[in-house]
Amino acid sequence: MSMKRFFFICLLLATCQLKEDLNWQNASIKKQSSIVLEGGSSTEAHFIFPTCDHQQALCESLSIFFVKKSSELLGFNYKKDITYEKLAEKFIHSYEQIHKQLPNPIIPWEAKLQGNIHALDKVYNPTIEYYIFTGGTSIDEGIAAAFIDKKTQKNIPIKKLFLNYIQFEKMVEQQFIAQFGDYRSKEFYFENGKFKISQNHYIKDNFWVVSYATGEIAPMYKGVFEVKIPMEDLQSVLNPMYF
């Protein structure tokens, strides 16, 4: 076999490996506090996340996103040696420390995090659906998301996903009004009546979704707000480098 032919075959195999999607399997971590209140309720942390057995840089980048963002959502500093099990233990420990300091029992906390990965041709779109209750009216709920370039293994800033980000902003603003009404009303928290776009974007069922977490633009009791735009309507503004 000639060296030229050998080189071509190696290049072809490398290209095929690059295009092949990683094999992910869900892992579940569930921890409960040893402090059990009347009725059997206790603080619980339950995390379900995709894990990858490949040693590829792309796999590592996605795994880091999940752990780092989970740490942030739970209010902990990210460290390289952190694991989901350690995060669950830290969450429960935080509750137990407060419980011991107060004279009366406090309502159990709850943390549920579910990670998912949506694979496109050139990017991965990882998401974390979360529900975190830490007493009183403190309920954090929403979907954290990102876009990871398959080729460079790096996070892609939202603005770079579009050829015309300003036009995209206008489309989201118009769709928001169509779905939820005037964002300038007292119902919403847009500063100085100026529309802003959440940094959490994901793709589902051929819709581009801009997701606002609880408390981000409206009172917490109103829940999550999600603006949905058909992907076909975005073809003129999406960056072909990624889509």
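Details of the structure are given in the entry above.
Criteria and cut-off values
Residues numbered from 1 in each chain as written. Predicted model: local features only at pLDDT ≥ 70, side-chain atom pairs only at ≥ 80, totals over all residues. Heavy atoms only, no water. Phe/Tyr/Trp six-rings, centres within 6.5 Å; stacked < 30°, edge-to-face > 60°. Lys NZ or Arg CZ within 6 Å of the ring centre and 35° of its normal. Salt bridge = Lys/Arg side-chain N within 4 Å of Asp/Glu carboxyl O. Helix = DSSP H or I, 4+ residues; strand = E, 2+ residues; numbered from the N terminus. Buried < 20%, exposed > 50% of the residue type's maximum accessible area, 1.4 Å probe, protein only. Expected span 1.5 Å × (residues − 1). 1 Å grid on protein atoms, 1.4 Å probe; cavity = no way out; pocket = protein on both sides within 12 Å on 5 of 7 lines; lining within 4 Å. Points joined across faces, edges and corners; volume = space filled by probe spheres on them. Nonpolar A, V, L, I, M, F, W, Y, C, P; charged D, E, K, R; others polar. Axes fitted to C-alpha atoms, helices over the stretch in contact; angles between N-to-C directions. Parallel < 35°, antiparallel > 145°, perpendicular 65-115°, else oblique. Contact = heavy atoms within 4.5 Å. Core = buried A, V, L, I, M, F, W, Y, C linked by side-chain atoms within 4.5 Å.

### Some thoughts on the packing of aromatic side chains
Step number 1: What the rule picks out here adds up to 25 aromatic pairs.
Step number 2: Members of the aromatic cluster, each reached through a chain of ring pairs, are Phe 176, Phe 180, Tyr 183, Phe 188, Phe 190, Phe 195, Tyr 212 and Phe 225.
Step number 3: Above the face of the Phe 76 ring, Lys 90 is positioned so that its terminal group lies 4.9 Å from the ring centre.

### A short note on the pattern of salt bridges
If the charged atoms of two oppositely charged side chains come close together, the side chains can form a pair.
Step number 1: The tally for this structure, following the rule as stated, stands at seven salt bridges.
Step number 2: Here Glu 89 ties to Lys 31 by a salt bridge, and the two come within 3.8 Å at their closest N and O atoms. Of this pair, Glu 89 sits in helix 3 (residues 84-101) while Lys 31 sits in strand 1 (residues 24-32); the two residues are 58 residues apart in sequence, bridging distant segments of the chain.
Step number 3: Assessed through its relative accessible area of 24%, Lys 31 is described here as partly exposed.
Step number 4: In this structure, Lys 86 engages Asp 81 in a salt bridge whose closest nitrogen and oxygen atoms are separated by 3.8 Å.
Step number 5: Since its relative accessible area comes to 37%, Lys 86 is described here as partly exposed.
Step number 6: Taken together, the shared-partner salt bridges connect Lys 31, Glu 85 and Glu 89 into one network.

### Here's the deal with unusual backbone geometry
Step number 1: The phi dihedral of Asn 192 falls on the positive side, at around 55°, and the residue is not glycine.
Step number 2: Considering the arrangement of structural elements, one finds Asn 192 in the loop between helix 4 (165-180) and strand 7 (201-204).
Step number 3: Looking at Asn 192, the relative accessible area reads 76%, which means it is exposed.
Step number 4: One non-glycine residue, Asp 205, lies in the positive phi region at around 50°.

### A few points about helix 3
Step number 1: When the terminal C-alpha atoms of helix 3 are compared, their 26 Å separation across 18 residues agrees well with the 26 Å that a helix rising 1.5 Å per residue should span.
Step number 2: The complete set of buried residues in helix 3 reads Tyr 84, Leu 87, Ala 88, Phe 91, Ile 92, Tyr 95, Glu 96 and His 99.

### Looking at the layout of surface pockets
Step number 1: By volume, the second largest pocket is sized at about 210 Å³.
Step number 2: As for the second largest pocket, its lining consists of Gln 114, Asn 116, Ile 117, His 118, Asn 125, Thr 127, Ile 128, Glu 129, Ile 143, Tyr 202, Ile 203 and Lys 204.
Step number 3: When contributions to the lining of the second largest pocket are tallied by element, the ones reaching two or more residues are strand 3 (110-119), strand 4 (123-133) and strand 7.
Step number 4: In terms of residue class, the lining of the second largest pocket is made up of five nonpolar, five polar and two charged.

### A look at the packing of helix 2 (residues 57-74) against helix 3
Step number 1: In contact at an axis separation of 11 Å, helix 2 and helix 3 are set at 5° when each is read in the N-to-C sense. Judged by the angle between their axes, helix 2 and helix 3 are roughly parallel. On the side of helix 2, the interface is formed by Ser 63, Phe 66, Val 67, Ser 70, Ser 71 and Leu 74, while helix 3 contributes Tyr 84, Leu 87 and Phe 91.

### Describing the nonpolar core
Step number 1: Ranked by size, the top nonpolar core spans 31 residues in total, and within it Phe 162, Phe 168, Phe 176 and Trp 208 carry the most contacts.
Step number 2: Elements with a minimum of two residues in this core: helix 4, strand 8 (207-212) and strand 9 (225-230).
Step number 3: Core analysis: the second largest hydrophobic core is formed by 25 residues, Phe 47, Tyr 84, Trp 109 and Ala 111 among them.

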